[in-house]
Each structure stands twice: as C-alpha cells, then as structure tokens.
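# Overview (structure and organization)
Here's the letter readout for the chains.
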Amino acid sequence: MRVHVLEQPGKLSLRDMPRPQPGPGEIVVRVRAALTCGTDVKAFERGHPKWPMPTPFGHEFSGEVAGVGAGVTAFREGDAIMAAPTAPCGACFFCARGQENLCETIMETMVLGAYAEYVRLPARVVRQNVFARHAARSWAGAAVLEPLACVLHGLAGVHVGAADTAVLLGAGAISLLHLCALRTLGVGRVVVVGRSPQRAAHARGLGADEVLVDGFDAARERVLALTGGRGADLVVECTGQIAIWDAAPGFARRGCQVVFFGGCRPGSVLSLDALRFHYDELRVSSPFHFTPRDVRRSWEMLGDAAFPAERLVTATYPLADLAVALERHRAGDGVKFAIEP
C-alpha cells in the first residue's frame, strides 16, 4: 500500500509499505477520506513534540473495514465506519479519575498514518472510539468526528445559551467547527474575529452573526457595543498564537469563560492581568484532546443531517497531492481539504 511519511519538518515521502494485518481485537480500515488539519500543518512546518520523526502522517479519517482481528464482533468487513485515532488505557492514574484525555499512554498509542490507503486500529480504539458511519454523512463529513470531539471537549462544562454572546478568535477550520457546534448547542450570538476575507465569507455562510476583520482593537470595541459594554459570555481562542492568547481576555465580560483552544509554540509565555482575573472572576481553561464521552457526543451531533460537516471541506485531492492540500490549508485558501486515496 502507499502511505505518506513525514520524514522531517517540510519533507514528505510517499512510500510503499506492506498492507497492515489486524491482530486480536484490531481492525484494518481502507481509508476513504483523510482530512487536513491545523495540527498536521504545524507538524509539517515545524515538527510535533509528541510525534517522533519519521512518522506515518494523518489522523482524521473515515473508511471501510477491510480486515477484522480475532475477537472483534462489533464490526465486519465492508462496514462503513468513522473513528477517532486514540483511546485511553482505562487503568492509569488519569483514567481512574475520569480524565481519559490525559491518559499516560494516549499519545504514544495514537493512530498515525491516515494519509494512506489502509490504516490499522488498535484494540482499545476499536472498543471505544469506532462507530458506524451515519448514512447522512459523506466520507469526508464522517472524518470530522475527531476534530469535533476536540471542540466538544473544550466546550464541556461551558454554560452558554440563547441569551449569550460567544466570540471566536480566528476564522480557520477549528473556529468554524466551534461555530457549527455552538449553533447546534443553541448559543444566541456568535461573533467571529479573523483577518482573512475568504475565511470570513465561510464564517458568514455557516451562520456567524458578525464577522470582524478590521483588527482586534476595532473588534473588541464592536463586541463591547453588542453587549452593552460588558463583553462576551464566552471567548474561545482558536489560532494558537500567543499574541491572540494575550488579547483574548480583552473580549470577556466579568465572570466569562475564556477557552485557550489553539496550541502555541513550545516556550510561549502567556501574560495575565492577575488583578482582573481575580476581581472579574474570569474562568480559564486550555483543553487538550478528548475523552470517549466527547467522541460519542461528536458522533451523535454528526448524526443530525443539518450539521454542516461537509461544508467545512473545500476541495478533494488524491493521495499524491497531500503537499498541495497542506499548503492550501496553511495559506487559508479554504477550510479543510480531503485526501481520498
């Protein structure tokens, strides 16, 4: 089979490798769609602290079961599935406390290699985070399962409703996925703050009430005007840029939840106004990854045909053109891109 390997930052190779065979409890999936994402773009540009190189590449995917290992009864060859690329061990310190996203082996057992013709899923993933593809979903739409699970994990415990205003900083794929999720969850007003007119158009099309592209100072003034001078009820940072992390609390009302979703470069240092955080009781979170509960919620949300998962996919490329898709994603020339082997 053919599989893309990230040899080092900036260097991909399309290798021929033996088709994987399923072990006990495992399945092999014929990849039908694998999506580009911001994490993959950053890993391609500068490496990833949790992915030693060279490494098979790609982790958002859907496909058909092509092989079933001993003991697997929930799936059989030919089944259309959607899956997350990790699952917790269930036995470590963090799993025992319901923090499965922090499982001690979650990253070292992550499935990488979805930019390929076939990928093998370990038994723990098969048991917990593989689901039947919804009939309403295309292959590319089904591959949204993993990033949506990450978004829902970040929004877990956030209480916003029809009377509230949410501000999303950034207008890339993960911001637009937050937009779709918040709309589904019934948030009254969603404001997207970005820089790219093209991405702003996507945000408007997906239901943003306002899209602000005239700079962060002007955007902050507009948010204050929309909220009677209070600020937003929820602020989500979606860029992974430390300057935007620093700016995020400026959009928040007293008592606001500020979610630092985007991952910054190693060594980035956040500056906080401690006085304001204390007396305005700002609540801060920086979510990482997802739990099986989040994956199931994602699967359930994608079961609604009205959820616009397919509209997040700008174009489709064959396996050989992965570098082109990653460059278009990096340049903001669209939202996400599907690789169809």
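That block above? That's the structure.
A short tour of the structure in this document, coming up. If you're wondering where the values come from, they're calculated on a predicted model, not measured in any experiment. (Residues numbered from 1 in each chain as written. Predicted model: local features only at pLDDT ≥ 70, side-chain atom pairs only at ≥ 80, totals over all residues. Heavy atoms only, no water.)

### Considerations on the overall build of the protein chain
Put simply, the rule reads: Strands are runs of DSSP state E lasting at least 2 residues, helices are runs of H or I lasting at least 4, and numbering of each runs from the N terminus. Radius of gyration here is computed from C-alpha atoms only, and the compact-globule reference equals 2.2 Å multiplied by the residue count raised to the power 0.38. Note on classification: 1.4 Å probe, protein chains only; a residue is buried when its accessible area is under 20% of the maximum for its type, exposed when over 50%, partly exposed between these limits. When checking whether two residues touch, look at their non-hydrogen atoms; a contact exists if any pair is within 4.5 Å. To be clear on the numbers: accessible area is Shrake-Rupley with a 1.4 Å probe, and residue cover counts the displayed protein chains and nothing else. By the counting rule applied here, Lys and Arg register as positive and Asp and Glu as negative, while His and the ends of each chain are not counted. Note on charges: their place is set at NZ of Lys, CZ of Arg, CG of Asp or CD of Glu.
Counting its secondary structure elements, the protein chain contains 12 helices and 16 strands. For a compact globule of 341 residues, the expected C-alpha radius of gyration is about 20 Å, and the protein chain comes in at 20 Å, within 12% of that figure. Seen through its principal axes, the protein chain has C-alpha atoms that stretch 60 × 40 × 40 Å. Split into buried and exposed, the 341 residues of the protein chain put 53% on the buried side. If you take every contact in the protein chain between residues at least 6 apart in sequence, the share linking residues at least 24 apart comes to 70%. If you sum the accessible surface of the protein chain, you get close to 14400 Å²; carbon and sulfur atoms cover 50% of it. Between the averaged position of the 36 positive side-chain charges in the protein chain and that of its 34 negative side-chain charges there is a distance of 1 Å.

### Concerning the pairing of strand E5 (residues 61-68)
Quick reminder of the rule: Being paired, for any two strands, means DSSP has found at least two bridges between them.
Taking burial as the measure, the eight residues of E5 include six buried ones, the bulk of the element. In this sheet, E5 lies alongside strand E3 (residues 27-35) in antiparallel orientation, the contact comprising seven bridges. When the sheet's bridge partners are listed, Arg30 is paired in E5 with Glu64. With four bridges connecting them, E5 and strand E6 (residues 80-83) associate as antiparallel partners.

### Section: the pattern of salt bridges
Basically, it comes down to this: Should a side-chain nitrogen of Lys or Arg be within 4 Å of a carboxyl oxygen of Asp or Glu, the pair is scored as a salt bridge.
Inspection of every chain in the model, using the stated rule, returns 16 salt bridges. Note that Arg120 and Glu26 form a salt bridge whose closest N and O atoms lie 3.8 Å from each other. With Arg120 in strand E7 (residues 118-121) and Glu26 in the loop between strand E2 (11-16) and E3, the pair connects residues that are 94 residues apart, well separated along the chain. For Glu26, a relative accessible area of 18% corresponds to the buried category. When the shortest N-O distance is used, the salt bridge between Arg330 and Glu45 registers 3.9 Å.

### Digging into the sheet that holds strand E13 (residues 252-260)
Operational definition: For helices, the fitted line uses only the C-alpha atoms of the stretch in contact; every axis is such a line through C-alpha atoms, and the angle between N-to-C directions lies from 0 to 180 degrees.
Pairing is parallel across the open sheet formed by six strands, whose spatial order is E11-E10-E9-E12-E13-E14. Both outer strands of the open sheet, strand E11 (210-212) and strand E14 (283-285), are each paired with one neighbouring strand and no more. This sheet shows a mean twist of 15 degrees between the axes of neighbouring strands, independent of strand direction. Bridging between strand E10 (residues 189-193) and E11 involves three bridges; their strand directions are parallel. In the strand pairing of E11, Val192 is matched with Val211.

### Things to note about the packing of helix H5 (residues 145-155) against helix H11 (residues 292-302)
We count it as follows: Crossing handedness is defined as follows: a turn of the near helix away from the far one that is anticlockwise and smaller than a right angle gives a left-handed crossing, while the clockwise case is right-handed.
Viewed as axis vectors pointing N to C, H5 and H11 meet at an angle of 115 degrees, and their least axial separation amounts to 8 Å. Judged by the sense of rotation from one axis to the other, the crossing of H5 with H11 is right-handed. For the pair H5 and H11, the contacting residues are Leu145, Leu148, Ala149, Leu152 and His153 in the first and Asp294, Val295, Arg297, Ser298, Trp299, Met301 and Leu302 in the second.

### Focus on the state of the cysteines
Here is the rule we go by: The term disulfide is used for any two cysteine sulfur atoms that are within 2.5 Å.
The tally for this structure, following the rule as stated, stands at zero disulfides. Of all cysteine sulfurs, the one in Cys103 lies closest to Cys89, which takes part in no disulfide; the gap is 3.6 Å.

### Quick word on the sheet that holds E2
Pairing in this open sheet of three strands is antiparallel, and the strands run E2-E1-E4 from one edge to the other. Of all the strands in the sheet, just E2 and strand E4 (55-56) have a single pairing partner and so form its edges. As paired elements, strand E1 (residues 2-8) and E2 share six bridges and run antiparallel to each other. Within the sheet, the bridge partner assigned to His4 lies in E2 and is Leu14.

### Description of H11
Among all positions of H11, only Pro292, Asp294, Val295, Ser298, Met301 and Leu302 are buried. Residues of H11 that are buried in the fold lie against E6, helix H3 (123-128), strand E8 (130-132), helix H4 (139-142), H5 and helix H6 (173-184).

### Some details on the environment of Asp209
Operational definition: Two N or O atoms form a polar contact when they lie within 3.5 Å of each other; inside protein one atom must be a possible hydrogen donor and the other a possible acceptor, and for residues adjacent in sequence the pair counts only when both atoms belong to side chains.
Mapped onto the secondary structure, Asp209 falls in the loop between helix H7 (197-205) and E11. When the C-alpha positions of Asp209 and Val192 are compared, they lie 8.1 Å apart, and in sequence the two are 17 residues distant. Not counting the four nearest positions on each side in its chain, Asp209 is found in contact with Arg183, Gly188, Arg189 and Val190. There is a polar contact of 2.8 Å between the side chain of Asp209 and the backbone nitrogen of Val190.

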